[in-house]
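Here are the chains, one letter per residue:
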Amino acid sequence: MRNTRRSLLAVAAVTAGALALSGCSGGGGGGGGEDGEVRLQMVETLTNPARSTILKELIAGFEEENPGVTVELVSPPSEQAVSTVQQMLQAGNGIDVLEVQDSTIGPFSSNDWLYDMNGDLEGWEGWDALTDNALRFAQPDGPTYMMPYGFYGLSLFYRTDLVEEAGFDGPPHSWEEMIDQAKAINDPSQNRYGYAFRGGSNSASNVVAIIEAYVADDLDVENAFLLENGDTIFSAPEAQEAMDKYMELFTEGSPPSSIAWGYPEMVQGFSSGSTAFLLQDPEVIATIRDSSTLTEEQWSTTPLLVGPTGKAAQPIATAGWGVADSSEHKEEAMELIKYLASGDAPLTFAKGNSLVPILKSAADDPFFSEGPWATYVTMNEQPDTYLNVTQPRGVAWWQEWSEKSDRELQEVLLGQTSTADLLATWDEYWSGKFASEG
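What comes next is a walk through the structure. Per chain, the residues get numbers from 1 upward, laid out in the order the sequence is written. Selection of residues for local features in this predicted model requires a pLDDT of at least 70, selection of side-chain atom pairs for listing and counting requires 80 or more, and totals for whole chains, interfaces and linings are taken over all residues. Calculation of side-chain values draws on the structure's entire complement of heavy atoms; hydrogens and water are dropped beforehand.

### Concerning the layout of surface pockets
Under the convention used in this document: A pocket here means an open set of points on a 1 Å grid, computed over the protein atoms alone, that has protein on both sides within 12 Å along at least five of seven lines. A cavity is instead a set of points where a 1.4 Å probe fits but cannot get out; residues with an atom within 4 Å of a point line either one. Grid points are joined across faces, edges and corners, and a volume is the space filled by probe spheres set on the points. Starting at the N terminus, helices and strands are each numbered in turn, a helix being any DSSP run of H or I of at least four residues and a strand any DSSP run of E of at least two. Just so you know the grouping, Ala, Val, Leu, Ile, Met, Phe, Trp, Tyr, Cys and Pro go in nonpolar, Asp, Glu, Lys and Arg go in charged, and all remaining residues, Gly too, go in polar.
Of the volumes computed, that of the largest pocket is approximately 690 Å³. Contributing to the lining of the largest pocket are 26 residues, with N133, V356, P357, Y376 and N380 lying nearest its centre. Contributing elements (two or more residues each) for the lining of the largest pocket: α5 (132-138), β4 (147-152), β9 (312-315), α14 (374-381) and β11 (386-389). For the lining of the largest pocket, a count of residues per class yields 16 nonpolar, 7 polar and 3 charged. Approximately 440 Å³ is the volume found for the second largest pocket. For the second largest pocket, the lining is made up of 22 residues, of which N48, Y263, V267, E283 and T287 are closest to its centre. Among the secondary structure elements, those contributing two or more residues to the lining of the second largest pocket are α2 (49-65), α3 (78-91), α10 (263-271), α11 (284-289) and α13 (345-353). Residues belonging to the lining of the second largest pocket are distributed by class as follows: 9 nonpolar, 8 polar and 5 charged.

Now the structure itself:
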């Protein structure tokens, strides 16, 4: 996703600003207003203006149905948001409802910062409306630290016009084909590049995507950082082959500046028309549709790229809403959680943010089965090709891994270390973690 390191001093400054907005003191979240109203503080971490607008509209609907409760939405800049929330949770101050990502639920819950909502959700009629994946993450049997609002799934965004102009019959199906097409399209003299490479924040996630595709036949789908024999995916010979291909994509098919690209730069590179391919989540659909540079006829999506054996690994990634354990208004916070997970709210949020929805009823909605969304229907209909896998994103050390892997991949891109040494380091890291911490 989109986290980045930031100095403690800067994080403290952002946190102080968020706390000042809340107008609260002591433990808990938003506190009470002068007229006795309950004021909830809600903090999001995957922030963008259009998304915040949708959230505010949903919040307004909740406030209308719950007189006496007001909700203040705090939206820190996305690159510092997780660090900001962590600082606020450590302080035990300023949050009632917060956005919880599958990569933060582990460390947040292990530090006792999240409230177990399970008891409050006992008998909740909304359980029956949720998809199997939503139930899997919400955990009706407990503990329930997060109520998902939608799911992310990788697909390949591609320029239909550039693929055709380069002489190809259609979009690539495999990593090998995509690299060939990216190299053919790449023309720095025309400010035209093949692939929106991710070299900055969360760059290792795309490396893992190609490695998992190359080892798909032997992958442990319940822990997709492991092979079925218990070894890590980074130890497999196919991982080296995947890394070599990935470096070829960087050096021969991507903009040189993409060595520092994170999520915003990747999406901007594609939506502005300078790159032909982008590997990203469905939330980008809405962003590209809002672009004034590309028309609907110039781009589309195609399923996640497969490896040499014709398979790809589709990680199930999600985020949702949770309640801070320090909140003094858990009852009202739970009402907000239930509101956002039932009725029309989940589909409104999923459509506005291009997320795979949490409600079964979405299967009957044409919005999710036509146009760019048809790709996700295709992948769901072919589970033997597009394997649904679970990555260990909930472990307490995931943030440590994210920072470590980004830093070490950057060293490879700069030519300071080899891909073989990188894979050996990652294998040693995960082997040690699994052996000592489970």
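### As for helix α7 (residues 175-185)
The condition that has to hold: Buried residues are those whose accessible area, probed at 1.4 Å on protein chains only, stays under 20% of the maximum for their type, while exposed residues exceed 50% and partly exposed ones sit between those limits. The directions from the helix axis to the C-beta atoms are what the arc is built from. Note on contacts: a residue pair qualifies if any of its non-hydrogen atoms lie within 4.5 Å across the two residues.
Buried within α7 we find W175, M178, I179, Q181, A182 and I185. All buried residues of α7 lie within an arc of 165 degrees about the axis, which places them on one face of the element. Buried residues in α7 make contact with β5 (155-159), α6 (160-165), β6 (193-195), α8 (204-214), α9 (237-253) and β7 (275-280).

### Some remarks on the nonpolar core
The condition is simple: Take the buried Ala, Val, Leu, Ile, Met, Phe, Trp, Tyr and Cys residues and link them wherever side-chain atoms come within 4.5 Å; each set so joined is a nonpolar core.
Counting 139 residues, the largest nonpolar core has M42, W175, I211, F234, F277 and W430 as its most contacted members. With 8 residues, α8 is the largest single contributor of residues to this core. Not counting residues up to four positions away in its chain, the partners in contact with W175 are Y195, N206, A209, I210, A213, Y214, Y246, L249, L279, L305 and V306.

### Things to note about empty space enclosed by the protein
Here the structure, examined in full by the defined rule, presents 2 cavities of 30 Å³ or more. Considering only enclosed or pocket space, the second largest cavity measures out at about 40 Å³ in volume. Residue lining of the second largest cavity: L55, L58, Y149, W321, L340, P346 and F349, and that is the complete set. Those elements that place two or more of their residues in the lining of the second largest cavity are α2 and α13. The class makeup of the residues in the lining of the second largest cavity is 7 nonpolar, no polar and no charged.

### Here we look at the packing of α8 against α9
As a reminder, the rule being used: For every element, the axis is a line fit to its C-alpha atoms; helices are fit only across the contacting stretch, and the angle between N-to-C directions ranges from 0 to 180 degrees. Here roughly perpendicular refers to angles of 65 to 115 degrees, roughly parallel to angles under 35, roughly antiparallel to angles over 145, and oblique to all remaining angles. A clockwise turn of the near helix away from the far one marks a right-handed crossing, whereas an anticlockwise turn of less than a right angle marks a left-handed crossing.
Orientation of α8 relative to α9, taken along the N-to-C sense of each, is 130 degrees, at an axis distance of 8 Å. When the axes of α8 and α9 are compared, the pair comes out oblique. By crossing handedness, the relation of α8 to α9 is classed as right-handed. Between α8 and α9, the contacting residues are N206, V207, I210, I211 and Y214 on the first element and E238, A239, E241, A242, M243, K245 and Y246 on the second. Partitioning the contact of α8 with α9 into residue classes produces 8 nonpolar, 1 polar and 3 charged.

### Section: the sheet that holds strand β8 (residues 299-302)
Selection rule: DSSP bridges decide pairing: two strands pair if at least two such bridges lie between them.
Taken in spatial order, the 4 strands line up as β6-β7-β5-β8 in an open sheet, and their pairing is mixed. Looking at which strands have only one partner, the edges of the open sheet turn out to be β6 and β8. Strand-to-strand, the axes of this sheet are offset by a mean angle of 20 degrees, without reference to chain direction. Sheet analysis places β5 next to β7, joined by 4 bridges and oriented antiparallel. By the bridge assignment, F157 is partnered in β7 with L278. Each of β5, β7 and β8 is contacted by α14, which is oriented at about 140 degrees to β5, the strand it contacts most.

### A few points about the sheet that holds strand β3 (residues 97-101)
Within a sheet, each strand pairs with its neighbour through backbone hydrogen bonds, oriented either parallel or antiparallel. Reading across the sheet, the 5 strands line up as β2-β1-β3-β10-β4 and stay open at both edges, with mixed pairing between neighbours. With partners counted over all chains shown, the strands left at the sheet margins are β2 (69-74) and β4, one partner each. Each neighbouring strand pair of the sheet contributes to a mean axis angle of 20 degrees, computed without reference to strand direction. Across 5 bridges, β4 lies against strand β10 (residues 317-323) in antiparallel orientation. Bridge pairing in β10 links G150 to A319. Sitting on the sheet, helix α12 (residues 330-340) touches β1 (38-43), β2, β3, β4 and β10, and the angle it makes with β10 is about 150 degrees.

### Some thoughts on the environment of S271
Within the secondary structure, S271 sits in helix α10. Remark: the alpha-carbon pair of S271 and E57, spanning 214 residues in sequence, is separated by 26 Å. The residues touching S271, leaving out its near neighbours within four places in the chain, are I288, S291, T293 and L294.

### Brief notes about the packing of α9 against helix α16 (residues 419-437)
Direction vectors running N to C along α9 and α16 enclose 130 degrees, while the axes themselves pass 10 Å from each other. As far as their axial angle goes, α16 and α9 are oblique. In the crossing of α9 with α16, the sense of the turn from one axis to the other is right-handed. Contact with α9, carried on its side by A239, Q240, M243, D244 and M247, involves T419, A420, L422 and L423 of α16 and no other residues of that element. Broken down by class, the residue content of the contact of α9 with α16 amounts to 6 nonpolar, 2 polar and 1 charged.

### So, the packing of aromatic side chains
Selection rule: For this analysis, a ring pair means two rings from Phe, Tyr or Trp (six-membered ring only for Trp) whose centres lie within 6.5 Å, classed as stacked if their planes differ by under 30 degrees, edge-to-face if by over 60, and tilted for the remaining angles.
On inspection of all chains with the given rule, the structure shows 30 aromatic pairs. A centroid spacing of 4.9 Å and a plane angle of 35 degrees characterise the contact between F197 and Y246, whose relative ring orientation is tilted. Here Y246 lies in helix α9 and F197 lies in the loop between β6 and α8, a separation of 49 residues in the sequence. The same class applies to F197 as to Y246, namely buried. Centroid distance F225 to W398: 5.7 Å. Interplanar angle 50 degrees. Geometry classified as tilted. Taken as a pair, F225 in the loop between α8 and α9 and W398 in helix α15 (residues 398-413) lie far apart in primary sequence, 173 residues in all. The exposure class assigned to W398 is buried, which follows from its relative accessible area of 6%. Site record: aromatic cluster; members linked through ring pairs are F225, F234, W397, W398, W401, W426, Y429, W430 and F434.

Don't take any of this as a statement about function, it's just geometry.
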